[in-house]
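Next come the chains, spelled out residue by residue.
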Amino acid sequence: MRALFLVIDLALEGYIWILIAAAVLSWLVAFNVVNTRNQIVATIGQFLYAITEPVLRPIRNALPNMGGIDISPVILVLIIIFIRYCIALYILPNVF
């Protein structure tokens, strides 16, 4: 049982890194550092969008319009960190 919670924790940590990669790629595309006409960049961008957008969309819908600033990845990272701490502090010590 302990291994299951450790795998969940590892998956949550990996998702944080995927969120960071998606945010960095969106900045690089917005500032024309990378070109989305490149097939590798487009494939990576589509993958990151497909992985992160279903989770970020409800957060974006709940937030008020802040102009061009999107803080939904930051809020999602904070939620994931909260879940990881809850697992580490309250669930793992009680699992035999």
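For the structure itself, consult the block above.
Reference entry: report on the structure contained in this document. These numbers were taken from a predicted model, which means no experiment stands behind them.

**As for the overall build of the protein chain**
- Along its length, the protein chain carries three helices and zero strands.
- Starting at the N terminus and walking to the C terminus, you meet the elements of the protein chain as α-α-α.
- For 96 residues, the compact-globule estimate of 2.2 N^0.38 gives 12 Å, and the C-alpha radius of gyration of the protein chain, at 16 Å, exceeds that figure by more than 25%.
- In terms of its C-alpha atoms, the protein chain occupies a principal-axis envelope of roughly 50 × 35 × 20 Å.
- By the burial criterion, 24% of the 96 residues in the protein chain qualify as buried.

**Concerning the environment of Trp17**
- You can see Trp17 is positioned in helix H1 (residues 2-30).
- Taking relative accessible area as the criterion, Trp17 reaches 55% and is therefore assigned exposed.
- Remark: the alpha-carbon pair of Trp17 and Val77, spanning 60 residues in sequence, is separated by 9.4 Å.

**Description of the side chain of Thr52**
- Residue placement: Thr52 occurs in helix H2 (residues 39-62).
- Leaving out residues up to four positions away in the same chain, Thr52 has contacts with Tyr15, Ile18, Leu19 and Ala22.

How each quantity is defined
- Residues numbered from 1 in each chain as written.
- Predicted model: local features only at pLDDT ≥ 70, side-chain atom pairs only at ≥ 80, totals over all residues.
- Heavy atoms only, no water.
- Helix = DSSP H or I, 4+ residues; strand = E, 2+ residues; numbered from the N terminus.
- Rg over C-alpha atoms; globule rule 2.2 N^0.38 Å.
- Buried < 20%, exposed > 50% of the residue type's maximum accessible area, 1.4 Å probe, protein only.
- Contact = heavy atoms within 4.5 Å.

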